[in-house]
Amino acid sequence: TITENMSEGLLVIDKKTDILSYNSSALTLLGTDLTPNMRSVFTLNRSYGFREVVDKALQGGHAEETIFINSRYCRLYSNPVMQGDKIAGAVIVILDITEKEERDRLRREFSANVSHELKTPLTSISGFAEIIHNGLVKQEDIKKFTGNIYDEAKRMIALIDDIIRLSQLDESSFVEEMKDVDLQSITREIVERLKPAAEAKRLRTEVYTEALHVHGVPQILDEMIYNLCENAIKYNKDSGSLSIELKKAAEGILFSVSDTGCGIPYEDQDRVFERFYRVDKSHSKEIGGTGLGLSIVKHAAILHNAKITLSSVPGHGTKIEVLFPVTA
């Protein structure tokens, strides 16, 4: 009963590799069923890593291997079973480490992306500064070059600020700052802040808000709503429309932003909340931003136990909804 209720897979074999005992988790993780004619453990899996852990254990040693099977990563641990001074068989434990592997992959990708994103403005700053330092710039062009240095420095500072914010959200370091927050006031204030940007694109803006409160962190909620509204403006078409709504719904408090912009290709919609993921990389510098805005939105939603829903039709626009749970 104990082994059958383990989430880890367990296999016990004799020295001939015949299966003596197993639990359901082992078969599930290996993606197979045990049939009467399957005696050897190698009928469950014939990969190199699996054979290695079995062979080493039957030779009297401890072994560890990671195998990829059925879209999941499994870590195998094997040890010999001794009967006196003789090897009687082996025990193999199987752990599902897919989540850990995925975290490690995301961490590696994040580190590589951070290095690339920081290197780009630094290279520009260094290049402009070197040209000025070597006296290769006409006096009337110095202002333009220093302006470029200033813009790239601002871009780098914004990127670092977003990285710090994401790290704080990952560590849930804002939990103690939670309090009753007036979402209506935050939304109206953000709409006012973004009004010049919306007017520059001649957007028809509709705003509907109800007097609603949530339990959360004011600063993080501000950033979440700001990022969503700013994206709806940046990726909207000229003379398009923008709709911002905050209302009471049956399941909780619903905040939504709709635009009539370029939309998001269907194949990209599952990835837009990933760090540094940009749908149109060729226009990313032209549009601006760090590529971390929607990732901050996602982590802010997690912090507030909110659910994000995205719907988008390429060429017609995007709608993002955030549903906050009702708190007592």
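Per chain, the residues get numbers from 1 upward, laid out in the order the sequence is written. Only residues with pLDDT of at least 70 are given local features in this predicted model, and only at 80 or more are side-chain atom pairs given and counted; all residues enter the totals for whole chains, interfaces and linings. The side-chain numbers reported here are obtained from all heavy atoms of the structure, hydrogens and water having been left aside.

Chemist: I'm lost on the pairing of strand E2 (residues 19-22) in this one. Help?
Modeler: Both faces of the sheet carry side chains from a regular strand, because those side chains alternate between them. Here, strands pair whenever DSSP counts at least two bridges between them. Under the DSSP-based scheme used, a helix requires at least four consecutive residues in state H or I and a strand at least two consecutive residues in state E, with every element numbered from the N terminus. Here 3 bridges tie strand E1 (residues 9-14) to E2, and the two strands are oriented antiparallel to one another. The residue bridging Ile 13 from the neighbouring strand is Ile 19, located in E2. Where E1 folds back onto E2 in an antiparallel hairpin, the turn is made up of 4 residues, including Thr 17, whose phi is positive at roughly 75°.

Chemist: I'm lost on the sheet that holds strand E7 (residues 204-209) in this one. Help?
Modeler: Strands pair in a sheet through their backbones, by hydrogen bonds, and they do so in one of two ways: parallel or antiparallel. Read across the sheet, 5 strands follow the order E7-E9-E10-E12-E11 without closing on themselves; strand pairing throughout is mixed. The open sheet has two edge strands with one neighbour each: E7 and strand E11 (307-313). Across this sheet, the average inter-strand angle for adjacent strands is 10°, counted without regard to direction. Here an axis means a line fitted to C-alpha atoms, over the contact stretch when the element is a helix, while the angle between two N-to-C directions is reported on a 0 to 180 degree scale.

Chemist: Is there a simple way to think about the nonpolar core in this case?
Modeler: Generally speaking, soluble globular proteins have nonpolar side chains that are buried together. Nonpolar core, defined: a set of buried Ala, Val, Leu, Ile, Met, Phe, Trp, Tyr and Cys residues in which side-chain atoms within 4.5 Å join the residues together. The rule is simple: take the accessible area with a 1.4 Å probe, protein chains only, and divide by the maximum for that residue type; under 20% is buried, over 50% is exposed, in between is partly exposed. Counting residues in each nonpolar core, the largest one holds 47 residues, and the members touching the most others are Leu 183, Met 224, Leu 228, Cys 229, Phe 255 and Phe 324. The element best represented in this core is helix H7 (residues 218-234), accounting for 8 residues. Residues in contact with Phe 324, not counting those within four places in the same chain, are Leu 183, Val 214, Leu 221, Met 224, Glu 251, Gly 252, Ile 253, Phe 255, His 304 and Ala 306. By size, the runner-up hydrophobic cluster in this structure holds 23 residues, among which are Ala 26, Leu 27, Val 41 and Phe 50. Note on contacts: a residue pair is in contact if any heavy atoms of the two residues lie within 4.5 Å.

Chemist: Explanation requested: helix H5 (residues 183-193) in the structure shown.
Modeler: Restricting attention to buried positions, one finds in H5 the residues Leu 183, Gln 184, Ile 186, Thr 187 and Ile 190. All buried residues of H5 fall inside an arc of 165° around its axis, so they share one side. Two N or O atoms count as a polar contact when they lie within 3.5 Å, although within protein this holds only if one can serve as hydrogen donor and the other as acceptor, and sequence-adjacent residues are included solely when both atoms are side-chain atoms. Its side-chain oxygen placed 3.1 Å from the backbone nitrogen of Gln 184, Asp 182 serves as the N-cap of H5. The arc in question is traced by the directions running from the helix axis to the C-beta atoms.

Chemist: Any chance you could explain the packing of H7 against helix H9 (residues 293-303) here in plain terms?
Modeler: Contact pair H7 / H9: the axes reach a minimum separation of 9 Å and the direction vectors enclose 140°. Between H7 and H9, the angle falls in the class oblique. The two elements H7 and H9 cross, and the hand of that crossing is left-handed. Where H7 approaches H9, its residues Ile 220, Glu 223, Met 224, Asn 227, Leu 228 and Asn 231 are matched on the opposing element by Gly 293, Leu 294, Ile 296, Val 297, Ala 300, Ala 301 and Leu 303. Each angle is binned into one of four classes, with values under 35 degrees roughly parallel, values over 145 roughly antiparallel, values of 65 to 115 roughly perpendicular, and all other values oblique. Each crossing gets its handedness from the near helix: less than a right angle anticlockwise from the far helix is left-handed, clockwise is right-handed.

Chemist: Where do I start with the sheet that holds E2 in this structure?
Modeler: The strand order across the open sheet built from 5 strands is E2-E1-E5-E4-E3, with neighbouring strands paired in antiparallel fashion. Two strands lie at the open edges of the sheet, namely E2 and strand E3 (63-69), each paired on one side alone. Within this sheet the neighbouring strands show an average axis-to-axis angle of 25°, counted without direction. Together, E1, E3, strand E4 (72-83) and strand E5 (86-96) form the strand contacts of helix H2 (residues 48-58), whose direction differs from that of E3 by roughly 160°.

Chemist: How do you make sense of the packing of H5 against H7 when you look at a structure like this?
Modeler: Between two packed helices, the angle of one axis relative to the other and the distance separating the axes together describe the packing. Contact pair H5 / H7: the axes reach a minimum separation of 10 Å and the direction vectors enclose 45°. Comparing the axis directions of H5 and H7 gives the class oblique. For the crossing formed where H5 meets H7, the hand is right-handed. For the pair H5 and H7, contact is made by Leu 183, Ile 186, Thr 187, Glu 189, Ile 190 and Arg 193 and by Pro 218, Leu 221, Asp 222, Ile 225, Tyr 226 and Cys 229, respectively. For this scheme, ten residues count as nonpolar: Ala, Val, Leu, Ile, Met, Phe, Trp, Tyr, Cys and Pro. Four count as charged, namely Asp, Glu, Lys and Arg, and the remainder, Gly too, count as polar. For the contact of H5 with H7, the residue count by class is 8 nonpolar, 1 polar and 3 charged.

Chemist: I keep staring at the environment of Asp 238 and nothing clicks. Help me out?
Modeler: Position of Asp 238 among the secondary structure elements: in the loop between H7 and strand E9 (241-248). In this structure Asp 238 comes out as partly exposed when scored by relative accessible area, which is 48%. It is 4.9 Å that separates the C-alpha atoms of Asp 238 and Lys 201, two residues lying 37 residues apart in sequence. The residues contacting Asp 238, other than those within four sequence positions of it, are Lys 201 and Arg 202.

Keep in mind that these numbers describe shape and distance, not what the molecule does.
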